[in-house]
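# Coordinate inspection notes
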Amino acid sequence: MEKKPVSKKKNSTSTSNKINFYSRSAGETLRIGINLAKTLKGGDILCLRGELGAGKTTFTKGLAKGLAIKRNIVSPTFVIMREYTIKTGKFCHMDMYRINDTDFLASGLYQCINENNICAIEWPEKIKHLLQKKYIGIKISVLKNNSRKIEIKKNDFSN
Ligand SMILES: Nc1ncnc2c1ncn2[C@@H]1O[C@H](COP(=O)(O)OP(=O)(O)O)[C@@H](O)[C@H]1O
Ligand SMILES: [Mg+2]
């Protein structure tokens, strides 16, 4: 039987625990987040790395949409953490950009991390010594124009 030609250009490559996407717009990044959200379960922690403006919050908006959160996701840069109700518990969106006193932070972080909640952490580099569990690492790199490379790695522990 003749194979159908693949019309759409593939925008991802993968190995067993790693998948790379190429996004050409904020909308595409959102969509990648929505799709990843469908594979998440309570207890998952996502660490989002990438420079300012890379698209970490945009990606998180996709995660929230995929988790059926109706509320608008606003960057938690100034409040550090925002919580949203999801089916299994809470979706905790954290931004460590402004964090210096990591002891103060530890309490909030550990309250959030449990088997019911899903945590998405921007700037996890700031608290790497507090992360004791394997997580889903997401690294967003800015390419030419509006393109981004989005690397998703399960069971990451490499920050
Ligand atoms: N391919 C893309 N993916 C994500 N964001 C993009 C893309 N192209 C342009 N943008 C824009 O870049 C900005 C990313 O901002 P944001 O998600 O707040 O970044 P961060 O949280 O990493 O600082 C937004 O204004 C978004 O519209
Ligand atoms: Mg952000």
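Let me begin by describing the structure that accompanies this report.

Thresholds applied
- Residues numbered from 1 in each chain as written.
- Chains lettered and ligands numbered in written order.
- Predicted model: local features only at pLDDT ≥ 70, side-chain atom pairs only at ≥ 80, totals over all residues.
- Pairing = 2+ DSSP bridges.
- Helix = DSSP H or I, 4+ residues; strand = E, 2+ residues; numbered from the N terminus.
- Axes fitted to C-alpha atoms, helices over the stretch in contact; angles between N-to-C directions.
- Contact = placed C-beta atoms within 7 Å.

Attention now moves to the pairing of strand 7 (residues 135-142). With four bridges connecting them, strand 3 (residues 45-49) and strand 7 associate as parallel partners. In the strand pairing of strand 7, Arg49 is matched with Lys139. Relative to strand 8 (residues 148-156), strand 7 runs antiparallel, the two being bridged by seven bridges. Note that in strand 8 the partner of Tyr135 across the bridge is Asp156. The antiparallel hairpin formed by strand 7 and strand 8 contains five residues in its connecting segment, where Asn145 sits at a positive phi of about 55°.

Turning to the sheet that holds strand 4 (residues 81-85), a few remarks are in order. What the eight strands build is an open sheet, ordered 1-2-8-7-3-6-5-4; its pairing is mixed. Pairing within the sheet leaves two strands with one partner each, and these edge strands are strand 1 (12-15) and strand 4. Taken over all neighbouring pairs, the strand axes of this sheet differ in orientation by 15° on average, direction set aside. Seen against the sheet, helix 2 (residues 56-66) touches strand 3, strand 4, strand 5 (90-95), strand 6 (118-122) and strand 7 and runs at an angle of roughly 170° to strand 6.

Turning our eyes to something else, we now look at unusual backbone geometry. Positive phi is not limited to glycine here, since Ala68 has a value of about 65°. Its location among the elements puts Ala68 in the loop between helix 2 and strand 4. The phi torsion at Asn145 lies on the positive side, around 55°, for a residue other than glycine. With respect to the element layout, Asn145 can be found in the loop between strand 7 and strand 8.

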